[in-house]
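Letter by letter, the chains look like this.
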Amino acid sequence: MSKLLEGKVAIVTGAGSGIGRAVAVTLAGAGATVVVSDVSEGTGQETVDIIGDGAGFIRTDVADQASVQNLVDETVRRHGRLDIAHNNAGISGQVGLLADLDPDDWARVVAVNLTGVFNCLQAELKVLVAQGSGSIINTSSVLGLGAIPEQGHYIAAKHGVIGLTKAAAVDYAKTGVRINAVAPAPVRTALVEKLEAENPGYIERLSSFIPAGKIAEPGDIAEAVLYLASDASRFVSGTVLRVDGALAAM
Ligand SMILES: NC(=O)c1ccc[n+]([C@@H]2O[C@H](COP(=O)([O-])OP(=O)(O)OC[C@H]3O[C@@H](n4cnc5c(N)ncnc54)[C@H](O)[C@@H]3O)[C@@H](O)[C@H]2O)c1
């Protein structure tokens, strides 16, 4: 029996860690050829080693348009096509009230989390639209749909990712290219572990807000991305799939 993503070529940004690594492994497990992309070469290569045959690494800084263009060009050069792109790379900023946020930190968070997705969409859409098919999944967050205290830069950027997702889905709805977003609740990854280290008890406090009573694991998000990447979601575009342990139902 052929696998769900047999013959498909996928890019995953931020695939050296956390959600991106889990997605890269899951898409490869479903038969896709995966291009692991990350600004960190060491951890990106580790993901390639975990996947084994078929995967390759391309170092990319998503905040740098030329670097992203190289990622897409090199993927097409190596594999002849592109079918799936998970625009996932992201960073957290320093926690603080809005008026106290460092403008440099604001610029960094927006450059990676929002402009990074824009850079990826521009480069990927040119290939996918010409091909007449493809699925793009952007990583937003439940903080793209609402706010908690002291993360104004991150919240603004993640709301922007949802706006970009909707705009792109409408612009390209007739082309055969679908663009969706996932909005995870907190997930046990390096990003959250860093916030825990800076603010002890952070994960426990987060868990107490989630009806499921725990934060998500990276694999929980990967399964949602797999659905959006596959033809099982063929009429789904411009949507935001929350993966949040019933948080939105509260
Ligand atoms: N962990 C959570 O609780 C959570 C919840 C909702 C959304 N998200 C989002 O999920 C995505 C992945 O986060 P994660 O939790 O797996 O974090 P993570 O820190 O484990 O992984 C992020 C990866 O992105 C890479 N990266 C950072 N800057 C980059 C850049 N400029 N270009 C390319 N790669 C870069 C890092 O090297 C790292 O490998 C992010 O967009 C994050 O905002 C995370």
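The following paragraphs examine the structure supplied in this document.

Digging into the overall build of the protein
For step 1, the next point in the chain: Across its full length, the protein carries eight helices and seven strands.
For step 2, the next point in the chain: For 250 residues, the compact-globule estimate of 2.2 N^0.38 gives 18 Å, and the C-alpha radius of gyration of the protein, at 17 Å, lies within 12% of that figure.
For step 3, the next point in the chain: C-alpha atoms of the protein, sized along the principal axes, occupy 45 × 40 × 40 Å.
For step 4, the next point in the chain: Here the analysis covers contacts within the protein between residues at least 6 apart in sequence; of these, 67% occur between residues at least 24 apart.
For step 5, the next point in the chain: For the protein, the exposed surface amounts to about 11200 Å²; the carbon and sulfur share of it is 56%.
For step 6, the next point in the chain: Looking at the protein, you have 19 positive and 27 negative side-chain charges, and the mean spots of the two groups are 7 Å apart.

Examining the side chain of asparagine 113
For step 1, the next point in the chain: Inspection of the secondary structure puts asparagine 113 in helix 4 (residues 103-131).
For step 2, the next point in the chain: In this structure the side chain of asparagine 113 is engaged in a polar contact, spanning 2.9 Å, whose partner is the backbone nitrogen of isoleucine 91.
For step 3, the next point in the chain: In this structure, asparagine 113 is in contact with Ala89, Gly90, Ile91, Tyr154, Ala157, Lys158 and Val161, ignoring residues within four places of it in sequence.

Thoughts on the site of the ligand
For step 1, the next point in the chain: Around the ligand sit 28 residues, and of these Ser17, Asp38, Tyr154, Val187 and Thr189 come closest.
For step 2, the next point in the chain: At 2.8 Å, a backbone N or O of isoleucine 19 approaches an oxygen atom of the ligand.
For step 3, the next point in the chain: Within the side chain of threonine 189, an N or O atom sits 2.4 Å from an oxygen atom of the ligand.
For step 4, the next point in the chain: Relative to its free-state accessible area of 830 Å², the ligand is covered by the protein chains to the extent of 91%.
For step 5, the next point in the chain: Examining the composition of the shell around the ligand, we find that three residues originate from one element, helix 6 (residues 190-198), more than from any other.

Details of the sheet that holds strand 4 (residues 84-87)
For step 1, the next point in the chain: Strand order across the open sheet formed by seven strands is 3-2-1-4-5-6-7, with parallel pairing between neighbours. Each having just a single partner strand, strand 3 (56-59) and strand 7 (240-243) make up the two edges of the open sheet. Neighbouring strand axes in the sheet, compared pairwise and without regard to direction, differ in orientation by 20° on average.
For step 2, the next point in the chain: Pairing analysis gives six bridges linking strand 5 (residues 134-139) to strand 6 (residues 177-184), with the strands arranged parallel. Note on strand 6: the bridge partner recorded for threonine 139 is valine 182.
For step 3, the next point in the chain: Against the sheet, helix 1 (residues 18-29) makes contact with strand 1 (9-13), strand 2 (33-38), strand 4 and strand 6, and its axis sits at roughly 170° relative to strand 1, the strand it touches most.
For step 4, the next point in the chain: Docked against the sheet, helix 3 (residues 65-79) engages strand 1, strand 2 and strand 3, running at close to 155° with respect to strand 3.

Quick word on unusual backbone geometry
For step 1, the next point in the chain: Unusually for a residue other than glycine, glutamate 150 sits at a positive phi of about 70°.
For step 2, the next point in the chain: Among the structural elements, glutamate 150 can be located in the loop between strand 5 and helix 5 (152-171).
For step 3, the next point in the chain: A positive phi is found at alanine 246, a non-glycine position, where the angle reads about 75°.
For step 4, the next point in the chain: Within the fold, alanine 246 resides in the segment after strand 7.
For step 5, the next point in the chain: Accessibility expressed as a relative area gives 39% for alanine 246, which makes it partly exposed.

What counts as what
Note that residues are indexed from 1 along each chain, following the sequence as it is written. Owing to the predicted nature of the model, reporting of local features is limited to residues with pLDDT of at least 70; listing and counting of side-chain atom pairs is limited to 80 or more, with chain, interface and lining totals taken over all residues. Only hydrogens and water are set aside when side-chain values are computed; all heavy atoms of the structure are taken into account. Helix and strand definitions follow DSSP, with helices as H or I runs of at least four residues and strands as E runs of at least two, each counted in order from the N terminus. The atom set for the radius of gyration is the C-alpha atoms, and the globule formula is 2.2 Å times the number of residues raised to the power 0.38. A contact between two residues is defined here by any heavy atoms of the two lying within 4.5 Å. For accessible areas, the Shrake-Rupley method is used with a probe of radius 1.4 Å. Any residue's cover is judged against the shown protein chains and nothing else. Positive residues here are Lys and Arg, negative ones are Asp and Glu, while His and the chain termini are left out of the count. Where a charge lies is defined by one atom per residue type: Lys uses NZ, Arg uses CZ, Asp uses CG and Glu uses CD. In the analysis that follows, any N or O atom pair within 3.5 Å is treated as a polar contact, provided that within protein one partner can donate a hydrogen and the other can accept it, and provided that, for residues neighboring in sequence, both atoms belong to side chains. One heavy atom within 4 Å of a molecule or strand makes the whole residue count as near it. Any two strands are treated as partners once DSSP identifies two or more bridges connecting them. To obtain an axis, a line is fitted to C-alpha atoms, over the contacting stretch when the element is a helix, and the angle between two such axes runs from 0 to 180 degrees between their N-to-C directions. Buried, partly exposed and exposed residues are distinguished by accessible area as a fraction of the type maximum, computed with a 1.4 Å probe on protein chains only: under 20%, between the cut-offs, and over 50%, respectively.

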